[in-house]
Amino acid sequence: MASLFAITTVTDTIPLASNRQGQVAFTVSNTTDRSFRSHVRLWSQPIAANAWVKLVGDAERDIAAGESQQYLVQIAVPADAAAGEYLLRLDMVDVSDPDESLSVGPTVKFTVPAPVVVKPKPFPWWIIAAVVLVVLLIVGGIYGIARAGQKPTPTPIVGITPTPTLATPLPTVTTGTWQGQARSRIGILSDANLFINQVKGVNFMGTFTERSSILLSSVSEVTIVGHVVGFNPAGSTSITFTDPTRIEGTGIVLNAEYDATIAGTNMNGYWFEPGAATESGSFQMTQVRAAFAPVQPAPASRKTSPFVGDFVADREIGKGDCLCAGL
């Protein structure tokens, strides 16, 4: 039978940190016109990796028709694990018919390095010799001072304060507004405004607004949902987000994918139209106060996402809609 769920991820390789841990996010979409009670199945190869992978959150969820949800999988490799390349996959089944409804997800890999063998350091015998020498010098000094009838002045001992160990920062983003420009593949520029108003762990949501540089009165706005996919200890964070729901206008392509890197207050990245093999354009933004007011939110009657991973598009792309005016 046809697959009930479409399963995607933004990477095919999971980097492991120095503590031999990593994580990867999968997006599961119900491609049918009815709701299902779904259940996640994690597959690993070699089989020893089954004990290292863990799904964050519930494995069994309700997914409405046309809805997409995100699943985060964490990896924690033990220190004595054999070095080599390991495979991981997230599959999905319908709880009511698990044997006939298996949807297989993409396979991602992670590489486990060889364990580092720390050789014991030899005992520093020179310290004992140095202590003995110091004791002899002190005793000799005290004896000499006593012979001279002088009272020795004790030397204060200064304690050594240990240097605190800084915790590794968690990969995340903060709420705020980014403003800049987006450029399409054919060179059309538009003013862009990204507003992140909700953050939950590695997930976030907000709005993306675009003002045409050709027709300044033309403004489009969409809801965006995304998550953090990587973190560099030097200070940069990699994110990805998509725009499943339109709020205003028709100048932004729905269900496009945006991949970006945040370094300080700067955000740089590329956007991809649905199904595109190469980038459809680029964007550069800086975190600032809002330079122009976002379009008013959609009326309460429209369907909007309660949070990341749970959304329903509020309209279909119909005849006459423009998908590339701004970007």
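Residues numbered from 1 in each chain as written. Predicted model: local features only at pLDDT ≥ 70, side-chain atom pairs only at ≥ 80, totals over all residues. Heavy atoms only, no water.

### So, the overall build of the chain
The secondary structure content of the chain amounts to one helix and 16 strands. Counting across all 327 residues of the chain, residues that qualify as buried make up 34%. Restricting to contacts in the chain with at least 6 residues of sequence separation, those with at least 24 account for 57%. Accessible area of the chain: about 19200 Å², with a carbon and sulfur share of 59%. (Helix = DSSP H or I, 4+ residues; strand = E, 2+ residues; numbered from the N terminus. Buried < 20%, exposed > 50% of the residue type's maximum accessible area, 1.4 Å probe, protein only. Contact = heavy atoms within 4.5 Å. Areas by Shrake-Rupley, 256 points an atom, 1.4 Å probe, with all protein chains shown as cover.)

### Notes on the sheet that holds strand β2 (residues 21-30)
On the basis of which strands lie adjacent, the open sheet formed by four strands has the order β1-β2-β6-β4 and antiparallel pairing. With one partner strand each, in any of the chains shown, β1 (5-8) and β4 (53-56) form the two edges of the open sheet. Strand after strand, the sheet turns through a mean of 30 degrees between neighbouring axes, direction not considered. (Pairing = 2+ DSSP bridges. Axes fitted to C-alpha atoms, helices over the stretch in contact; angles between N-to-C directions.)

### Re the pattern of salt bridges
Going through the model one piece at a time under the given rule, you end up with four salt bridges. We note a salt bridge from Glu-60 to Arg-37, for which the minimum N-O separation is 3.2 Å. Of this pair, Glu-60 sits in strand β5 (residues 60-63) while Arg-37 sits in strand β3 (residues 36-45); the two residues are 23 residues apart in sequence, bridging distant segments of the chain. Residue class for Glu-60 comes out partly exposed when judged on its relative accessible area of 33%. You can call Arg-37 partly exposed: its relative accessible area is 36%. A salt bridge links Glu-85 to Lys-109, with the shortest nitrogen-to-oxygen separation between them at 3.7 Å. Separated by 24 residues along the polypeptide, Glu-85 in strand β7 (residues 84-94) and Lys-109 in strand β8 (residues 107-112) bring together distant segments of the chain. Three or more residues joined by partner-sharing salt bridges are found here, namely Arg-37, Glu-60 and Asp-62. (Salt bridge = Lys/Arg side-chain N within 4 Å of Asp/Glu carboxyl O.)

### A short note on the environment of Asp-33
Structurally, the position occupied by Asp-33 is in the loop between β2 and β3. For the pair formed by Asp-33 and Glu-67, sequence separation is 34 residues and the distance between their alpha carbons is 9.7 Å.

### Quick look at the pairing of β1
Burial of the side chains of β1 is restricted to one face: Phe-5 and Ile-7 are buried, whereas none of Ala-6 and Thr-8 on the reverse face is. With four bridges connecting them, β1 and β2 associate as antiparallel partners. Note on β2: the bridge partner recorded for Ile-7 is Val-28.

### Quick look at a nonpolar patch on the surface
Together, Phe-123, Trp-125, Ile-128, Val-132 and Leu-136 make up an exposed nonpolar region whose accessible area comes to about 560 Å². With respect to the helices and strands, the residue Ile-128 is situated in helix α1 (residues 125-147). On the basis of relative accessible area, Ile-128 is assigned to the partly exposed category, the value being 40%. (Patch = residues over 30% accessible without salt bridge, like charges linked within 9 Å, V, L, I, M, F, W, Y side chains within 5 Å.)

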